[in-house]
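Residue-level structural notes
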Amino acid sequence: METSHVGVVRDSMLNNPLLIRPPLGKSKSRGLSCPGSDFVYGTVTTIQDGGVAEAISSWHTPSLSSSVPAHHRKAVRDFVALNREGVKSGLVTAKELQQYRATHDIRRPAVPNAAAHRSAPARPPRDIGFGVSTRNSAPISELLEYRYAQRWLEEQQAKDRALLAGQHKKVQLGKIQDTRTTLLRKSRPPEEAQSMWKLPRFQHVRGSMLPQSPHSLSTGACCGQWSSEQLIGPALDTFRDPEARKRAMAAHYSDSVARRGPLGQGTYTVD
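Here the structure is a predicted model, which is why all the values come from computation and not from measurement. (Residues numbered from 1 in each chain as written. Predicted model: local features only at pLDDT ≥ 70, side-chain atom pairs only at ≥ 80, totals over all residues. Heavy atoms only, no water.)

Things to note about the overall build of the protein chain
Defined as follows: For helices the rule is a DSSP run of H or I covering at least 4 residues; for strands it is a run of E covering at least 2, with both sets numbered from the N terminus onward. Burial status follows relative accessibility: with a 1.4 Å probe on protein chains alone, a residue under 20% of its type maximum counts as buried, one over 50% as exposed, and anything between as partly exposed. For every accessible area listed, the method is Shrake-Rupley and the probe measures 1.4 Å; residues are considered covered only by the protein chains on display.
If you tally the helices and strands in the protein chain, you get 11 helices and zero strands. The 271 residues of the protein chain split such that 7% are buried. As displayed, the protein chain has an accessible area near 25,600 Å², and 57% of this comes from carbon and sulfur atoms.

What follows is the structure in structure tokens.
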């Protein structure tokens, strides 16, 4: 049943696929015109094969030499030869070579069609089997006895037993990486380097060997009661001369009476 049209029906409505409506129960037309019923599709074969007897005795294949005569073949221009001859003539620019091609013509010789003389493909041996080989069929006895399911259950039970045995094992801790604290605990303090050898009188030298009171200073110097250690002066002496040192020590001794501390170097006791 065709759809009814309203208005004027033009020829373009039957050729334009956008205007063609699909009929009910049929595929939509593309608007292409087909030849009549007396039209024969395909190409006309002009080769006479000689019938069944000729086909059994020999097999003829169409070739370019037999189908198309040599005088009907169109020769192709040989541009390589044209360029070579142009360079020999002294033409090197593109414009000169183009003009040379327009005035000269060199054709390549006609070559027979290589597809017509192509050899037939190699035939495989008769006993070859194509495709993938079929695997061996399972024994029918194992299928009837349900062996595959039993094997699967046994494998699963073995996996469960191995997992359960691994859970009961005690976890063994690996080697703990040492930190800075553990390394300091394990390390030993370095041994004190031995001091260089000194004379006995220089081993116990103190910073100040002079007495604190000027009375003892004058007494020891006059009576000669000082030892060899006391006669050794300090390592650093900032006084200009021994007299300045004596006056400073005497002033310190007299001022230490009014100061706090066992050495008399603290604050004053007078408030």
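Here we look at the packing of aromatic side chains
The cut-off we apply is this: Here a pair means two rings of Phe, Tyr or Trp (six-membered ring of Trp) with centres within 6.5 Å. Their orientation is stacked below 30 degrees between planes, edge-to-face above 60, and tilted elsewhere. Distance and angle both matter: a charge sits over a ring if NZ of Lys or CZ of Arg is within 6 Å of the ring centre and within 35 degrees of the ring normal.
In this structure the tally under the stated criterion is one aromatic pair. Judged by centre distance (4.9 Å) and plane angle (80°), the ring pair of Phe39 and Tyr41 falls under edge-to-face. Seen from the ring of Tyr148, Arg151 lies directly overhead, with NZ or CZ sitting 5.7 Å from the centre.

Section: a nonpolar patch on the surface
Threshold: Residues form patches when they are more than 30% accessible in relative terms and have no salt bridge. Like charges link within 9 Å. Nonpolar side chains (Val, Leu, Ile, Met, Phe, Trp, Tyr) link within 5 Å. Put simply, a salt bridge is a Lys or Arg side-chain nitrogen that is within 4 Å of an Asp or Glu carboxyl oxygen.
A cluster of nonpolar side chains, contributed by Ile140, Leu143, Leu144 and Tyr148, occupies part of the molecular surface with about 450 Å² of accessible area. Among the elements that take part in the nonpolar patch, helix α6 (residues 140-144) stands out by supplying three residues, more than any other. Mapped onto the elements, Tyr148 comes out in helix α7 (residues 147-168).

Here's the deal with the packing of helix α4 (residues 79-88) against helix α5 (residues 94-103)
Applicable threshold: Only the stretch in contact is used when a helix axis is fitted, and all axes are lines through C-alpha atoms; the angle between N-to-C directions ranges over 0 to 180 degrees. Left-handed describes a crossing whose near helix is turned anticlockwise from the far helix through less than a right angle; right-handed describes the clockwise counterpart. Whether two residues touch is decided by their heavy atoms; if any such pair falls within 4.5 Å, the residues are in contact. Residue classes follow a fixed rule: Ala, Val, Leu, Ile, Met, Phe, Trp, Tyr, Cys and Pro count as nonpolar, while Asp, Glu, Lys and Arg count as charged, and any other residue, Gly among them, counts as polar.
Their axes nearest at 10 Å, the elements α4 and α5 cross at an angle of 115°. Seen from above, α4 lies across α5 with right-handed handedness. When α4 is examined against α5, the residues Phe79, Leu82, Asn83, Glu85 and Gly86 are found in contact with a partner set consisting of Leu97, Tyr100 and Arg101. Its residues assigned to classes, the contact of α4 with α5 shows four nonpolar, two polar and two charged.

Notes on the side chain of Ser256
Along the polypeptide, Ser256 turns up in the segment after α11 (242-255). Ignoring anything within four residues of it in the chain, the contact list for Ser256 reads Leu263 and Gly264.

Re the pattern of salt bridges
Under the criterion given, the structure shown has six salt bridges. Residue Glu145 pairs with Arg147 through a salt bridge whose shortest N-O separation is 2.7 Å. Judged by its relative accessible area of 34%, Arg147 is partly exposed. The partner of Asp255 in a salt bridge is Arg259, and the shortest N-O contact between them spans 2.8 Å. On the basis of relative accessibility, which here comes to 29%, the residue Asp255 falls in the partly exposed class. Linked by salt bridges that have partners in common, Arg77, Asp105 and Arg107 make up one network.

Points about unusual backbone geometry
The backbone of Tyr146 shows a phi angle near 65°, a positive value even though the residue is not glycine. The residue Tyr146 is located in the loop between α6 and α7 in this model.

With respect to the confidence of the model for the protein chain
How we decide: Summary of the metric used: pLDDT quantifies the predictor's per-residue confidence within the range 0 to 100.
With 73% of its residues at a pLDDT of at least 70, the protein chain reaches an overall mean of 76. Ranking the helices and strands of the protein chain by mean pLDDT puts α4 first, with 91, and helix α9 (residues 214-223) last, with 44. Between residues 207-230, whose pLDDT stays under 50, and residues either more than four places distant or in other chains, the model counts 29 contacts.

Considering α11
Since there are 3.6 residues in each turn of an α-helix, residues three or four apart along the chain are aligned in direction. For the record, the criterion: Multiply 1.5 Å by the residue count of a helix minus one, and that product is the helix's expected span. Here the arc refers to the set of directions running from the helix axis out to each C-beta atom.
When the terminal C-alpha atoms of α11 are compared, their 20 Å separation across 14 residues agrees well with the 20 Å that a helix rising 1.5 Å per residue should span. Inspection of α11 places Ala244, Arg245 and Met249 among the buried residues, and these make up the whole buried set. With its buried residues spanning 130° around the axis, α11 presents them on a single face. Looking at α11, the residues exposed on the side facing more than 90 degrees away from the buried face are Arg247 and Ser254.

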